[in-house]
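What follows is the residue order along each chain.
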Amino acid sequence: MMVSINDPIPSFSLPSSSGKDISPKNLKGTSYILYFYPKDSTPGCTIEANNFTNSYDEFKKCNTLIFGVSKDSIKSHLNFINKQKIAFELISDIECNLCKKLDIWKEKSLFGKNYMGIERSTFLIDSSGIIRKIWRNVKISGHVDQVLLEAKNLFQLNKNESCRN
């Protein structure tokens, strides 16, 4: 079943490049981005990671964490982080369990060969663990700017709500 906006993020617990497991439970109270990409150190994935890194301080200003997710190993993630100076944690979904729950594990085609892979997608999750925005089949150009705008809108909304309480 495909998740939608206003659904809770499905339960997961996955290892990250920090050495800690990441789960919605330990992220409660914090807004965050889960962006899914096909493979470490490939051209498009490197551009996307660099774009998120370049905007990292802006995301921090609106109290939004960023996590990149792929099926690569932690060792691969650490190499990618070190080589590209990525500013945030990468999560390893080797078994593609979270990818399947979010319906982004898709049949793809390259040079006439079909294979299963991650559909480049991004999810904005609020501090209560609710999905507030979904981007599927992402095109890299301009994407991080769109995500940042939505994160800023969510931050402003949360600030206004806390002022009213």
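Only a predicted model underlies this, so the values are computations on that prediction, with no experimental measurement involved.

1. Quick notes on the sheet that holds strand β9 (residues 131–135)
Within a sheet, neighbouring strands are paired by backbone hydrogen bonds and run either parallel or antiparallel to one another. Overall, mixed pairing links the five strands, which are arranged β5-β4-β3-β8-β9 in an open sheet. At either end of the open sheet lies a strand with only one pairing partner, and these are β5 (89–92) and β9. Across this sheet, the average inter-strand angle for adjacent strands is 20°, counted without regard to direction. Of the strand pairs in this sheet, strand β3 (residues 31–36) and strand β8 (residues 121–125) are connected by five bridges, and their pairing is antiparallel. If you follow Phe36 over to β8, its bridge partner there is Ser121. Together, β4 (64–70) and β5 form the strand contacts of helix α4 (residues 74–84), whose direction differs from that of β5 by roughly 160°.

2. Here's the deal with the UniProt feature "active site" (unreviewed entry) in the protein chain
UniProt annotation of "active site" (unreviewed entry) refers to Cys45 when read in the numbering used here. Mapped onto the elements, Cys45 comes out in helix α2 (residues 43–54). Judged by its relative accessible area of 1%, Cys45 is buried. Excluding residues that lie within four positions of it along the chain, Cys45 makes contacts with Tyr37, Pro38, Lys39, Phe80 and Arg120.

3. So, the pairing of β9
Sheet topology places β8 next to β9; four bridges connect them, and they run antiparallel. Each bridged residue has a counterpart across the sheet, and for Leu124 the counterpart in β9 is Lys133. Joining the antiparallel neighbours β8 and β9 is a turn of five residues, in which Gly129 adopts a positive phi near 85°.

Procedures and definitions
Residues numbered from 1 in each chain as written. Predicted model: local features only at pLDDT ≥ 70, side-chain atom pairs only at ≥ 80, totals over all residues. Heavy atoms only, no water. Pairing = 2+ DSSP bridges. Helix = DSSP H or I, 4+ residues; strand = E, 2+ residues; numbered from the N terminus. Axes fitted to C-alpha atoms, helices over the stretch in contact; angles between N-to-C directions. Contact = heavy atoms within 4.5 Å. UniProt positions renumbered as here; feature names shortened; annotations may be inferred. Buried < 20%, exposed > 50% of the residue type's maximum accessible area, 1.4 Å probe, protein only.

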